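# Summary of the model geometry
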Amino acid sequence: MPGFQSHRRGLRPRWIVAGLALLVLALPVKDARPADPGSEFARALALFNHGQLAECQSLADAGRRKFLPYDPEWGSRFLLLEAQAMEWRSAYDDALGILRNSPGQNDPDELIQMLAIQGVALTRQHQFPLADEKLRAAEALCADSDHPACGDAYRARGIFWSERGDFTRCDESFLQALAFARSHRDRLLETSSTLNVGWTEAQLNHFDESVDWLNTAYQDSIEIGDSDLTERSAADLGWAYFGLGDTERALGLFLDAQDTAQKIGNTGEELKRLIDAGYVHQRIDDLQPAIEFYGKAFALAKQINSKEDILTSLEVLAHLEIEMGDLDKASQYLDELAPLVKATPNRLDDLDVLLAQGKIAAARGRDAQAETIFRTVASDPRSQTSMRLGAEHELARLDQRRGDLAAADRMYATALATFEQARSRLQNEDSKLPFLTNAAPIYDDYIDLLIGQGRADQALALADHSRARTLAQGLGLTIPAQPAALNAGQIARKAGATLLFYWLGRTQSWLWAITPGKTALFPLPASAEIAGAASRYRDALIGPDDPLDSANPDGQALYRMLVAPAAPFIAPGSNVVVLADGPLSELNFETLLAPAPHLHYWIEDATVVSAPSLTMLASAKPSVAGGRSLLLVGNAVSPDPDYPALPKASVEMHEIERHFLTPEETILAGQRANPGAYTASAPQQFAYIHFVAHGVASLSDPLDSAIILSRSTPAEDSFKLYARAIIQHPIHARLVTISSCYGGGTRAYAGEGLVGLSWAFLRAGAHNVIGALWEVSDDSTPALMNDLYAGLENGRPPSAALRQAKLHMLHSPGGFRDPFFWAPFQLYTGL
């Protein structure tokens, strides 16, 4: 993902506009002797330990100059500390230069420290053979004896592997440094090692594990009073949460890190955190705050004369202002950029400025100039994929505005072909899902073009193809590059339902209402309006009050926007399949407030379920699992304080057991409720599979979504049944239920999104999956599940049984009538 990268300063690739804090290399604390050099060294070291690196470097420099001439032993210690502070401040040339003037090290421990610093500095400069030579020398000394500085050597080797992109070896080295720190009771080394392990887990796209490590590093850094580590831990933790889809928490952590950097006078880190916050706002299309953060970053970059960050900020600000429609402001930024780009022999900067100039020319109606610029960018072999896509997209829009619809059609197809070629070249599967977002604006405009030409069926096929590609990529699958023809009416007949297919666009959204006999298309408001209402209403649903009691305006507005246009196609009491888009995937449509004959939840009028895509519904196979066999997994032993034991798990499991005969049941509880036991149970034999457990979702890497069970081995994540493992074990279940109950833990369930645990079970072969949009009360769930299985026992299909259970809770006299308790459970169908 764009924010995560190797911890470096000054070596950040130009195409990344946000980054993480630097990997850290700790200096073991030395005993300060009562002599005068000892007390001065202790003061310098205390500054280092509290993250005040500039002051530490200054004091160490003074000590080196003062003591080296007549006391080489103390002078050498000051020199090493000065070099260490330089390395932490990314002054790699300075660190290497001062170490070249070292009088030589007779003490093995100090020699290891020097070699480790040199190894890191050379690694940062990508002088890998020399770095490896230094680190091998340090490791040879550590092989002979357990010197206190060996932890530095292990961490330095981790930094080496991180720069080489070998994050598995990197993780091993940082874990080795962590074990060393713990055995030697070195808190600073332990904290920095924990931070580095968390950073590495993020590079491996293990964002959930990254959060665990980085939270520990963050709290430990506060405890030991190291402000520099606190700032870096907060920043890295922000990117880990961003990887999990929690942008609100990520932004909060970036601002905390910025505040800390400002307090300790680290302007460079303060600048990076402003860019981080601006980038996140940009990604979520919150453009005005993005402009404000990049503007502050630009001011700071000028203050410290950081050429790279000045260029980055100006380029991004120009593009943002174009999107906001302020062409004069964008032109001002480009004018400021011109001399800087001219002085920088970087063709990418030239092309980025050209692309912005082309957009301004197009917006001002200078079509010929714009076309020349866009074709220059599109044809330049040095253009990055994002630039080429942007230029081809702008050419298609230019043709469309000029009325040459055939040319626009061809150019949109060309842009999507460019995207597919670039996607196919990606080596890392985990990079392919976020990469798909690059094509979203192209699909959006192409769909509008097709609809404008009266080709609504082709637009629907293209929209569903985009959806199916995202889903397939999230689950590690492949589908054809070109959309196939769809018989939407036949799919509706197969589903026995009215299908509501949504496409959210930046300027115009669309709803296709599909029945066996007819398909109708309805225009909807822009994505931002719908997403804003959906987000506010979701907050209301999980809040303390019942939205129906307050006649929540967002609940009513969403019904008017999303359901009312299709109401003539939905008979009372009929089945509806919602194929949601983007933020609508986190909204339970049953909770929308219908107006007539009196205000009520839409669940009263229809049986509403969700589905991933028309393509997947069309390819669904008939159910083969017979009988009423049950696999019940839950009441796990808490593997971690973030996932405490669920007090009512045993109650829920007992309620479910009552609806099955003993020979039909296989129960995995307590320590037996672990991932290995699930896969060993031959899950393909069961008609019903039910989990009573915590769950976590990763929006950026859905295969990292997991059900939290008991530990099966000493391995760090052995308690997680990952989505990637789920899809590797075929099942034929009529229904899989993931009852993610809230039991007082600190980890929020991020929701299913477009892909996640529910889709993984559907891909594995389940015909229906009940998943959770948020964690619910451990008190209310057993009763709802009891009603669900009573309905199944009475012959109702899963969708009708779940609806009846929810209605029973909605109409109950107690507090559980609030949708907070019944609405998180949503049925996803693969038919």
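Since we're looking at a predicted model, the values are computed, not measured.

Tallying secondary structure elements over the chain gives 34 helices and 16 strands in all. Summarising the internal contacts of the chain: among those between residues at least 6 apart in sequence, 68% fall at separations of at least 24. Surface accessibility of the chain: about 31,300 Å² in total, with carbon and sulfur atoms responsible for 52%.

Before going further, it helps to examine the packing of helix H16 (residues 327-342) against helix H17 (residues 347-363). It is the contact of H16 with H17, at a shortest axis distance of 11 Å, that shows an interaxial angle of 155 degrees. Compared by their axis directions, H16 and H17 come out roughly antiparallel. Where H16 crosses over H17, the handedness of that crossing is left-handed. Facing Leu-327, Ala-330, Ser-331, Leu-334, Leu-337 and Val-341 of H16, the residues of H17 in contact are Asp-349, Asp-350, Val-353, Ala-356, Gln-357, Ile-360 and Ala-363. Considering only residue class, the contact of H16 with H17 consists of nine nonpolar, two polar and two charged.

Right, let's get into the environment of Ser-233. Relative to the elements of secondary structure, Ser-233 occurs in helix H11 (residues 227-243). Along the chain, Ser-233 and Ser-192 lie 41 residues apart, while their C-alpha atoms are 9.0 Å from each other. Excluding residues within four positions of it along the chain, Ser-233 makes contact with Leu-195, Leu-214, Ala-217, Tyr-218 and Ser-221.

All chains considered together, the criterion is met by one disulfide. One disulfide bridge connects Cys-142 with Cys-150, the sulfur atoms lying 2.2 Å from each other. Across the disulfide from Cys-142 to Cys-150, rotation about the S-S bond amounts to roughly -110 degrees, and the bridge is consequently left-handed. In this structure, Cys-142 and Cys-150 share a single accessibility class: buried.

Bringing the pairing of strand E16 (residues 825-829) into the picture now. By the criterion of burial, E16 is predominantly enclosed, with five of the five residues buried. Pairing of strand E14 (residues 768-772) with E16, which is carried by five bridges, proceeds in the antiparallel orientation. The residue of E16 that forms the bridge with Gly-771 is Gln-826.

When you line up the elements, Ser-610 lands in strand E7 (residues 607-610). Among the residues examined, Ser-610 registers a relative accessible area of 11% and is labelled buried. For Ser-610, the side chain forms a polar contact with the side chain of Gln-826, separated by 3.1 Å. Ser-610 has contacts with Val-577, Val-578, Gln-826, Leu-827, Tyr-828 and Thr-829, leaving out every residue within four places of it along the chain.

Quick look at the nonpolar core now. Counting residues in each nonpolar core, the largest one holds 148 residues, and the members touching the most others are Trp-512, Leu-562, Leu-584, Phe-589, Trp-602, Val-736 and Phe-761. Setting aside residues no more than four positions away along its own chain, Val-736 makes contact with Ile-689, Phe-691, Ile-731, Phe-761, Ala-766, Asn-768, Val-769 and Ile-770. Ranked by size, the runner-up nonpolar core spans 67 residues in total, among them Phe-48, Ala-257, Tyr-294 and Leu-327.

As judged from the six bridges shared by strand E8 (residues 630-636) and strand E9 (residues 665-670), these two strands associate in the parallel manner. Bridged to Val-633 within E9 is Leu-668.

Quick look at the confidence of the model for the chain now. Per-residue confidence for the chain gives a mean pLDDT of 85, with 89% of residues at or over 70. This model gives residues 427-433 a pLDDT under 50, and the stretch forms 15 contacts once residues within four places in sequence are excluded. Predicted confidence for residues 742-755 stays below pLDDT 50, and this span has 54 contacts to residues more than four positions away or in other chains.

Orientation of helix H32 (residues 781-793) relative to helix H33 (residues 798-810), taken along the N-to-C sense of each, is 140 degrees, at an axis distance of 8 Å. The orientation of H32 relative to H33 falls into the category oblique. With respect to the hand of their crossing, H32 and H33 are arranged in right-handed fashion. Residues Leu-784, Asp-787, Leu-788, Gly-791 and Leu-792 of H32 form the contact with H33, whose own contacting residues are Pro-798, Ala-801, Leu-802, Ala-805, Lys-806, His-808 and Met-809. Grouping the constituent residues of the contact of H32 with H33 by class yields eight nonpolar, two polar and two charged.

A few words on unusual backbone geometry. Note the cis peptide between Ala-596 and Pro-597, where omega equals 0 degrees. Tracing the chain through its elements places Pro-597 in the loop between strand E5 (593-594) and strand E6 (600-601). Even without a glycine there, the phi angle at His-126 is positive, about 60 degrees. Following the sequence through the fold, His-126 ends up in the loop between helix H5 (108-124) and helix H6 (128-144).

Turning to the packing of aromatic side chains, a few remarks are in order. Scanning the entire structure with this criterion turns up 28 aromatic pairs. With a centroid separation of 5.8 Å and an interplanar angle of 65 degrees, the aromatic rings of Phe-660 and Tyr-688 are classed as edge-to-face. With Phe-660 in the loop between helix H28 (649-657) and E9 and Tyr-688 in strand E10 (residues 688-696), this pair connects stretches of sequence that are 28 residues apart. Summarising the burial analysis for this pair, Phe-660 and Tyr-688 share the class buried. The ring centre of Tyr-241 lies 4.6 Å from the NZ or CZ of Arg-249, which sits over that ring.

For an α-helix, the turn length of 3.6 residues means that residues three or four places apart are oriented alike. Look at H17: 24 Å from first C-alpha to last across 17 residues, which is about the 24 Å you get at 1.5 Å a residue. Taken as a whole, H17 has its buried residues at Asp-349, Leu-351, Asp-352, Val-353, Leu-354, Leu-355, Ala-356, Gly-358, Ile-360, Ala-361 and Ala-362. Looking one or two residues past H17, Gly-365 carries a phi angle of roughly 80 degrees, positive in sign.

Here the focus is the environment of Cys-150. Within the secondary structure, Cys-150 is located in helix H7 (residues 150-164). On the basis of relative accessibility, which here comes to 0%, the residue Cys-150 falls in the buried class. The contact partners of Cys-150, leaving out residues within four places of it in the chain, are Ile-112, Cys-142, Ser-145 and Phe-180.

Attention now goes to the pattern of salt bridges. Tallied over the entire structure, the rule returns 35 salt bridges. Arg-182 is the salt-bridge partner of Glu-190, the closest N and O atoms lying 3.5 Å from each other. For Glu-590, the salt bridge goes to Lys-806, with nearest N and O atoms at 2.6 Å. Highlighted residues: Glu-590 in the loop between strand E4 (575-579) and E5 and Lys-806 in helix H33, separated in sequence by 216 residues. Take Lys-806: its relative accessible area is 1%, and that puts it in the buried class. Salt bridges sharing common partners tie together Asp-61, Arg-64, Arg-65 and Glu-82.

Tracing the backbone shows Asp-94 in helix H4 (residues 92-100). Separated by 27 residues in the primary sequence, Asp-94 and Ala-121 have C-alpha atoms spaced 9.4 Å apart.

Okay, H5 next. Taking 1.5 Å per residue, 17 residues should reach 24 Å; H5 reaches 24 Å between its end C-alpha atoms and fits that length. The element H5 is extensively covered by neighbouring structure, given that 15 of its 17 residues are classed as buried. Note on H5: the residue one or two positions beyond its end, His-126, has a positive phi of about 60 degrees.

Thresholds, definitions, all that
- For every chain, the first residue of the written sequence is number 1, and numbering continues from 1 onward in sequence order.
- The predicted nature of this model means local features are confined to residues of pLDDT at least 70 and side-chain atom pairs, given and counted, to a pLDDT of 80 or more, with totals for whole chains, interfaces and linings taken over all residues.
- Calculated side-chain values reflect all of the structure's heavy atoms, with hydrogen atoms and water omitted.
- The helix and strand labels rest on DSSP assignments: H or I over at least four residues marks a helix, E over at least two residues marks a strand, and numbering proceeds from the N terminus.
- Contact definition: two residues touch when any of their heavy atoms are within 4.5 Å.
- Computed with the Shrake-Rupley method and a 1.4 Å probe, the accessible areas treat only the protein chains shown as cover for residues.
- Fitted lines through C-alpha atoms give the axes, limited to the stretch in contact for helices. The angle between two N-to-C directions lies from 0 to 180 degrees.
- Any angle from 65 to 115 degrees is called roughly perpendicular, while one under 35 is roughly parallel, one over 145 is roughly antiparallel, and all others are oblique.
- Left-handed describes a crossing whose near helix is turned anticlockwise from the far helix through less than a right angle; right-handed describes the clockwise counterpart.
- Residue classes follow a fixed rule: Ala, Val, Leu, Ile, Met, Phe, Trp, Tyr, Cys and Pro count as nonpolar, while Asp, Glu, Lys and Arg count as charged, and any other residue, Gly among them, counts as polar.
- Any cysteine sulfur atom paired with another within 2.5 Å is treated as part of a disulfide.
- In this scheme, a residue with accessible area under 20% of its type's maximum is buried, one over 50% is exposed, and one in between is partly exposed, where area comes from a 1.4 Å probe on protein chains only.
- Pairing between strands is defined by DSSP: at least two bridges between the two strands are required.
- Two N or O atoms form a polar contact when they lie within 3.5 Å of each other; inside protein one atom must be a possible hydrogen donor and the other a possible acceptor, and for residues adjacent in sequence the pair counts only when both atoms belong to side chains.
- Take the buried Ala, Val, Leu, Ile, Met, Phe, Trp, Tyr and Cys residues and link them wherever side-chain atoms come within 4.5 Å; each set so joined is a nonpolar core.
- pLDDT measures how confident the predictor is about each residue, on a scale from 0 to 100.
- Classification of ring pairs uses Phe, Tyr and Trp, with its six-membered ring standing for Trp, and accepts pairs whose centres are within 6.5 Å; under 30 degrees between planes counts as stacked, over 60 as edge-to-face, and the remaining range as tilted.
- Two conditions define a charge located above a ring, namely a distance within 6 Å from the ring centre to NZ of Lys or CZ of Arg, and an angle within 35 degrees of the ring normal.
- Each helix should span, by expectation, one fewer than its residue count multiplied by 1.5 Å.
- Any carboxyl oxygen of Asp or Glu that lies within 4 Å of a side-chain nitrogen of Lys or Arg is treated as forming a salt bridge with it.

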